[in-house]
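# A closer look at the structure
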Amino acid sequence: MNKPVLPMSSLSLKLPTADGGLETYRLAASRIFPAKLEGTLNRVAFSAAHVVADPRADVDPWLTAAIDWDRTIAFREHIWDLGLGVAEAMDTAQRGMGLDWTTSLELIQRSVKAAKAKGNTLVFSGAGTDHLAVEDAKSIDDVIRAYEEQIAAVERAGGCIILMASRALAKLGKSAEDYAKVYDRVLSQVREPVIIHWLGDMFDPALRGYWGTADLDKAMDTAVKIINANAAKVDGIKVSLLDKQREIDMRRRLDASVKMYTGDDFNYAELIAGDDKGFSHALLGIFDAIAPAASYALSRLAAGDAAGFHDVLGPTVPLSRHIFKAPTRFYKTGIVFMAYLNGHQDHFTMVGGQESTRSTLHLAELFRLADQAGLLADPELATRRMKTVLATRGFDA
């Protein structure tokens, strides 16, 4: 299932180049991946899933999030069919960049309900403090109360929790003791073990200095100490620092019961494969864009076929590095563009107008890399849609 099915595609189109010109690009050989998980997995793997905007809604996109709920939930069904879990209402869903807490809670409620109806599916949902405006947060106790409110709401919906990093805490927390006070208090109250999310400032500049210091070594010391002291209440930690060695170092320091979920969209293949001292599970935004390939690769790894795993997942890494290139916080545009190319939605419109955050050259290179990794599910459809986007941006493809 992971081998090329055509020697070379007959499809081609004109794509813009960095020198201002156009080149004729011929698509590569196709790959076909199963639409449902075949076999089993020996890694816990979450896709942080995007939301599908409703372009027909009469709203001001910068101010109000209009969601196409049917397409949004249908995409989650696609993820679950592939044996992956859904990390709900996270930054991939534009949390904090177009998706407010009220809409996030509705998304969580709908997703948890759909997961339960489907059965044997995995969904964890983001609980943070984003309903508390940073400028209104005056004390550490304000942060604790905000966390408690969102945790209670997710638990009432029947959901499991990803404890998101807090912009308010990043502003107010000045020491390891401040962070310990917040996390110790919050973790003592959760019903079930949570996944803690350490999101680097390349993903959200407002989180600079998280854990009370700009020194990442000291920050890791604080995080490890807090997690290991509360290991019974922590399922795992997702680390999104785009720093392979720091993740490995932290993984080796965690209590044996605590999972490391890689959030490294630059180095995930080798981190998931692991080494003789351990491996990372996965909670990745890029798995939204490459879900069929990720599912198949992980099934090959579980079957003992490490070469097959790397053969499929390795070629996806250049695409991921491109989608997540600086400014990394704009990666959601590439994720949604992939969903558009692959037919999961009928338009390239995003909550908050975020489709505008990447250039036409960026999208053209994304198309090349997706094609070369065999990630275009229907190359003819993807080519037509690429041409449509280029036309709206002034290029005759």
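Residues numbered from 1 in each chain as written. Predicted model: local features only at pLDDT ≥ 70, side-chain atom pairs only at ≥ 80, totals over all residues. Heavy atoms only, no water.

## A word on the nonpolar core
Going by this rule: Nonpolar cores are built from buried Ala, Val, Leu, Ile, Met, Phe, Trp, Tyr and Cys residues. Side-chain atoms within 4.5 Å join them into one set. Here's how the labels work: a residue is buried when its accessible area is under 20% of the maximum for its type, exposed when over 50%, partly exposed in between, all with a 1.4 Å probe on protein chains only. We count a stretch as a helix when DSSP gives it H or I for four or more residues in a row; a strand needs E for two or more, and each element gets its number in order from the N terminus. In this analysis, two residues are considered to be in contact whenever any of their non-hydrogen atoms come within 4.5 Å of each other.
Tyr183, Tyr210, Met250 and Phe287 are the most contacted members of the largest nonpolar core, which has 123 residues in total. With eight residues, helix H3 (residues 140–156) is the largest single contributor of residues to this core. Excluding residues that lie within four positions of it along the chain, Tyr210 makes contacts with Tyr147, Ala165, Ser166, Leu169, Ala170, Tyr179, Tyr183, Trp198 and Ala219. Of all hydrophobic cores here, the second largest spans eleven residues; its members include Phe46, Met90, Ile162 and Leu283.

## Structural notes on the environment of Thr121
Relative to the helices and strands, Thr121 resides in the loop between helix H2 (101–118) and strand E5 (123–127). Aside from chain neighbours lying at most four places away, what touches Thr121 is Trp80 and Ala115.

## Things to note about helix H15 (residues 379–392)
As a reminder of what qualifies: Helices are assigned an expected span. That span is 1.5 Å times one less than the residue count.
A rise of 1.5 Å per residue sets the reference length of H15, with its 14 residues, at 20 Å; its end C-alpha atoms lie 20 Å apart and thus fit the reference within 8%. For H15, every residue scored as buried is listed here: Pro379, Leu381, Ala382, Thr383, Arg385, Met386, Val389 and Leu390. Considering only its buried residues, H15 is in contact with strand E1 (12–16), helix H13 (331–341) and helix H14 (360–372). A positive phi of about 95 degrees marks Gly394, the residue just after H15.

## What about H2?
With 18 residues, H2 extends 25 Å from end C-alpha to end C-alpha; this agrees with the ideal 26 Å at 1.5 Å per step. For H2, every residue scored as buried is listed here: Trp101, Thr103, Ser104, Leu105, Leu107, Ile108, Ser111, Val112, Ala114 and Ala115.

## Here's the deal with the packing of helix H1 (residues 69–81) against H2
Heads up, the rule is: A fitted line through C-alpha atoms represents every axis, and for helices the fit uses only the stretch in contact; the resulting angles, taken between N-to-C directions, go from 0 to 180 degrees. Should an angle fall under 35 degrees it is called roughly parallel, over 145 degrees roughly antiparallel, and 65 to 115 degrees roughly perpendicular, with every other angle called oblique. Crossings are assigned a handedness: left-handed for a near helix turned anticlockwise from the far helix by less than a right angle, right-handed for a clockwise turn. Polar here means any residue other than Ala, Val, Leu, Ile, Met, Phe, Trp, Tyr, Cys and Pro, which are nonpolar, and Asp, Glu, Lys and Arg, which are charged; Gly is therefore polar.
Interhelical geometry of H1 versus H2 gives an angle of 45 degrees and a closest axis separation of 10 Å. Regarding the angle of H1 to H2, the classification is oblique. Classified by chirality, the crossing of H2 by H1 is right-handed. Taken together, the residues of H2 that come into contact with H1 (itself represented by Trp69, Thr72, Ile73, Arg76, Glu77, Trp80 and Asp81) are Thr103, Glu106, Leu107, Arg110, Ser111, Ala114, Ala115 and Lys118. The residue makeup of the contact of H1 with H2, split by class, is six nonpolar, three polar and six charged.

## Some thoughts on the pattern of salt bridges
Stated precisely, the cut-off is as follows: Every case where a carboxyl oxygen of Asp or Glu lies within 4 Å of a side-chain nitrogen of Lys or Arg is listed as a salt bridge.
This model, assessed by the stated rule, comprises 23 salt bridges. Two residues, Arg253 and Asp221, come together in a salt bridge whose shortest N-O distance is 2.9 Å. Remark: Asp221 occurs in helix H6 (residues 216–229) and Arg253 occurs in helix H7 (residues 244–253); sequence separation between them is 32 residues. On the accessibility criterion, Arg253 (38% relative accessible area) is partly exposed. The exposure class assigned to Asp221 is partly exposed, which follows from its relative accessible area of 37%.

## What to know about the sheet that holds strand E9 (residues 259–262)
Note the threshold: By definition, two strands form a pair when at least two bridges between them are found by DSSP.
Spatially, E3-E4-E5-E6-E7-E8-E9-E10 is the arrangement adopted by the eight strands of the closed barrel, whose pairing is parallel. Between one strand axis and the next, the sheet turns through 25 degrees on average, direction left out of account. Contacts from H6 reach strand E7 (194–199) and strand E8 (234–240) within the one sheet, and its direction differs from that of E7 by about 170 degrees.

## A look at the pairing of strand E10 (residues 281–284)
Heads up, the condition is: Seen with the strands pointing away from the viewer, any crossover whose path from the first strand over the helix to the second strand runs clockwise is right-handed.
Residues His281 and Leu283 line one face of E10 and the alternating positions Ala282 and Leu284 line the opposite face, and both faces are buried. The pairing of strand E3 (residues 45–48) with E10 spans three bridges and is classified as parallel. Directly across from Phe46, in E10, lies its bridge partner Leu283. Alignment of E9 against E10, held across two bridges, turns out to be parallel. In the strand pairing of E10, Tyr261 is matched with His281. Crossover connection from E9 via helix H8 (residues 268–273) to parallel E10: handedness right-handed.

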